[in-house]
Amino acid sequence: MVAALEAASSAVESEKIRARMTDEVTDVIGVRMGTVFDIAKQNASMPLAEVEELLRSDVYEVKMVGVSILDFKARAKGADRSALFEAWMRNLDYIDTWDYIDRAAPRVIGWYLLDRPRDVLFTLARSENRWHRRTAITAAFWIIRSGDLSDPLELCHLLADDPEHLVQTNVGVALREIGRRDRDVLSDFLGTRGDDLSAHARRTAMTALG
């Protein structure tokens, strides 16, 4: 798998990836995302223990393959959602870039929690770690998709005044999706907490109101 990534490397792509990275520690091979996802799909049957090794890598594309395999496994019929959720939580502090979270948190965490208590999301939302907080609100996307708005709305209240831009962006997305299902709920939220949101989050949310 690593050899396949290295064979697809590009100096141009490496520059593009580095430009959007949120830290300077992670190594970059330089592989376009479409190729990364193709390689992940080809390795979707990889044992979960080996996927967890990928999640602990210091290489951006290797870790992205690991996260993507979790997502592909979550999409599969008869997925062991408990095992996927537990794998994510064991490696929570390694999933430390916005696009890792966006790639798989909705299905790996949100789908697992559809019919379970969501205490873990509120714990993550109260964390000092910005990636934990982004994980909480991003996982809620799948819960919103199911039509259950209560806990996602409460998470939006909890994170409405979050100081981190990369948390606020997905609070805005969550509110937009809530608004697409219930305009009145979104209007009420914006009336009471709209001023606490970042301008970006507020604009995103308001697109649901037309």
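Look above for the structure.
Report on the accompanying structure. (Residues numbered from 1 in each chain as written. Predicted model: local features only at pLDDT ≥ 70, side-chain atom pairs only at ≥ 80, totals over all residues. Heavy atoms only, no water.)

## Here's the deal with the packing of helix 5 (residues 60–75) against helix 7 (residues 98–110)
If you want to describe how two helices pack, look at the angle between their axes and the distance between the axes.
(1) Moving on: The N-to-C vectors of helix 5 and helix 7 enclose an angle of 15°; their axes lie 8 Å apart at closest approach. Judged by the angle between their axes, helix 5 and helix 7 are roughly parallel. Here helix 5 runs over helix 7; the crossing is left-handed. Packed against helix 5, whose contacting residues are Tyr60, Lys63, Met64, Val67, Ser68, Leu70, Asp71, Phe72, Ala74 and Arg75, the element helix 7 presents Asp99, Tyr100, Arg103, Ala104, Arg107 and Val108 at the interface.
(2) Moving on: Its residues assigned to classes, the contact of helix 5 with helix 7 shows nine nonpolar, one polar and six charged. (Axes fitted to C-alpha atoms, helices over the stretch in contact; angles between N-to-C directions. Helix = DSSP H or I, 4+ residues; strand = E, 2+ residues; numbered from the N terminus. Parallel < 35°, antiparallel > 145°, perpendicular 65-115°, else oblique. Left-handed = near helix turned anticlockwise from the far one by under 90°. Contact = heavy atoms within 4.5 Å. Nonpolar A, V, L, I, M, F, W, Y, C, P; charged D, E, K, R; others polar.)

## Focus: the side chain of Ser14
(1) Moving on: Position of Ser14 relative to the elements: it lies in helix 2 (residues 11–20).
(2) Moving on: The residues touching Ser14, leaving out its near neighbours within four places in the chain, are Val28, Ile29 and Gly30.

## Quick notes on the environment of Arg202
(1) Moving on: Residue position: Arg202 is located in helix 13 (residues 199–206).
(2) Moving on: Separated by 32 residues in the primary sequence, Arg202 and Asn170 have C-alpha atoms spaced 11 Å apart.
(3) Moving on: Residue contacts for Arg202: discarding those within four places in its chain leaves Gly194, Asp195 and Leu197.

## Focus on the packing of aromatic side chains
(1) Moving on: Using the criterion set out here, one finds three aromatic pairs in the structure.
(2) Moving on: Look at Phe85 and Tyr112: their rings are 4.4 Å apart centre to centre, the planes differ by 20°, and that puts the pair in the stacked class. Of the two residues, Phe85 is situated in helix 6 (residues 81–90) and Tyr112 in the loop between helix 7 and helix 8 (119–125); the sequence distance between them amounts to 27 residues. The burial state of Phe85 is the same as that of Tyr112; both residues are buried.
(3) Moving on: Here the basic side chain of Arg81 rests over the ring of Trp111, its NZ or CZ set 3.6 Å away from the ring centre. (Phe/Tyr/Trp six-rings, centres within 6.5 Å; stacked < 30°, edge-to-face > 60°. Buried < 20%, exposed > 50% of the residue type's maximum accessible area, 1.4 Å probe, protein only. Lys NZ or Arg CZ within 6 Å of the ring centre and 35° of its normal.)

## Description of the nonpolar core
(1) Moving on: Ranked by size, the top nonpolar core spans 66 residues in total, and within it Trp88 and Leu175 carry the most contacts.
(2) Moving on: If one sorts the elements of this core by residue count, helix 5 sits on top with nine residues.
(3) Moving on: Leu175 has contacts with Cys156, Leu186, Phe189, Leu197 and Ala205, leaving out every residue within four places of it along the chain. (Core = buried A, V, L, I, M, F, W, Y, C linked by side-chain atoms within 4.5 Å.)

## Topic: helix 13
It helps to recall that an α-helix has 3.6 residues per turn; residues three or four apart then point in one direction.
(1) Moving on: Among all positions of helix 13, only Ala201, Thr204 and Ala205 are buried. Down the axis of helix 13, the buried set is contained in an arc of 100°. They therefore lie on one face.
(2) Moving on: Those residues of helix 13 that are buried lie in contact with helix 11 (165–181) and helix 12 (183–193). (Arc of directions from axis to C-beta.)

## Points about the environment of Val120
(1) Moving on: Take Val120: it is sitting in helix 8.
(2) Moving on: Expressed as a C-alpha distance, the spacing of Val120 and His132, which sit twelve residues apart in the sequence, is 10 Å.
(3) Moving on: Discounting residues that sit within four places of it in the chain, Val120 has contacts with Phe85, Met89 and Leu113.

## Some details on helix 2
(1) Moving on: Residues Glu13, Ser14 and Ile17 constitute the buried set of helix 2. Down the axis of helix 2, the sector holding all buried residues measures 105°, keeping them to one side. Of the exposed residues in helix 2, those oriented more than 90 degrees away from the buried face are Ala11, Val12, Glu15 and Ala19.
(2) Moving on: Tucked inside the fold, the buried residues of helix 2 contact helix 3 (33–42) and helix 5.
(3) Moving on: Its side-chain oxygen at 3.2 Å from the backbone nitrogen of Val12, Ser10 defines the N-terminal cap of helix 2. (Polar contact = N/O pair within 3.5 Å; in protein donor to acceptor, adjacent residues only side chain to side chain.)

## Section: the side chain of Arg81
(1) Moving on: With respect to the helices and strands, Arg81 occurs in helix 6.
(2) Moving on: Although Arg81 lies buried, it forms no salt bridge, and the closest oppositely charged side chain, Asp115, sits 8.1 Å away as judged by the N-O distance.
(3) Moving on: A distance of 2.7 Å separates a polar side-chain atom of Arg81 from the backbone oxygen of Ala74.
(4) Moving on: If we skip the residues at most four places from it in the chain, Arg81 touches Ala74, Ala76, Arg107, Trp111 and Tyr112. (Lys, Arg positive; Asp, Glu negative; His and termini not counted. Salt bridge = Lys/Arg side-chain N within 4 Å of Asp/Glu carboxyl O.)

## Describing the environment of Tyr94
(1) Moving on: Mapped onto the elements, Tyr94 comes out in the loop between helix 6 and helix 7.
(2) Moving on: Taking the relative accessible area as the measure of exposure, Tyr94 reaches 37% and is therefore partly exposed.
(3) Moving on: C-alpha of Tyr94 to C-alpha of Glu52: the two residues are 42 residues apart in sequence and 9.8 Å apart in space.

Keep in mind that these numbers describe shape and distance, not what the molecule does.
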